[in-house]
Amino acid sequence: MPSILDLGKYFELANGVVKNERYENVYIGDVLSFAISHIKDNSIWITIQNNVNVVAIATLREVKAIILTEGVKPDSDMLKRSIEQQIPIFTTELSHFETARLLILKEKEDKL
């Protein structure tokens, strides 16, 4: 899997937190109660949820980064907590599907 640093090539970093770590999985979902029981550790999380509860779940599940899609921006509490917890938040105008497709294509490209 690519590095969190690689995400900055395709998405806008919203909170200034930079990490040079690799992620192992990608989770796509917006229902927080479902996400808490299904996100695997060392994942990145693609969602439209932009509140502090996302960071709380991300911390519990050792999420490496969060990508907000559809042009959604993090609210101020989410930004503050993500900086405290050192979880990068990226934003994009792309949909969940387009974001996942881009990650898959870039991963395949990197293997060539």
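In this text the structure is predicted, and so the values were computed from the model without any measurement. (Residues numbered from 1 in each chain as written. Predicted model: local features only at pLDDT ≥ 70, side-chain atom pairs only at ≥ 80, totals over all residues. Heavy atoms only, no water.)

Asker: Summarise the nonpolar core; cite the residues concerned and give the values.
Answerer: Among the nonpolar cores identified, the biggest contains 16 residues, and Ile 39, Trp 45, Ile 66 and Met 78 are the most heavily contacted of them. For this core, the elements supplying multiple residues, two or more each, are helix H2 (32-38), helix H3 (52-60) and strand S4 (65-68). With sequence-adjacent residues up to four places away left out, Ile 66 is seen in contact with Trp 45, Thr 47, Val 54, Val 55, Ala 58, Met 78, Ile 87, Pro 88, Ile 89 and Phe 90. Ranked by size, the runner-up nonpolar core spans eleven residues in total, among them Leu 7, Phe 11, Tyr 23 and Ile 67. (Core = buried A, V, L, I, M, F, W, Y, C linked by side-chain atoms within 4.5 Å. Buried < 20%, exposed > 50% of the residue type's maximum accessible area, 1.4 Å probe, protein only. Helix = DSSP H or I, 4+ residues; strand = E, 2+ residues; numbered from the N terminus. Contact = heavy atoms within 4.5 Å.)

Asker: Now, about the pairing of S4: what can you tell me, with residues and values included?
Answerer: Side chains Ala 65 and Ile 67 project from S4 onto one buried face, and the interleaved Ile 66 and Leu 68 project onto a second face that is buried too. Note: strand S3 (residues 43-47) against S4, four bridges, orientation parallel. By the bridge assignment for S4, Ile 46 is matched with Ile 67. With three bridges joining them, S4 and strand S5 (residues 89-91) adopt parallel strand pairing. Its bridge partner lying in S5, Ile 67 is registered against Phe 90. (Pairing = 2+ DSSP bridges.)

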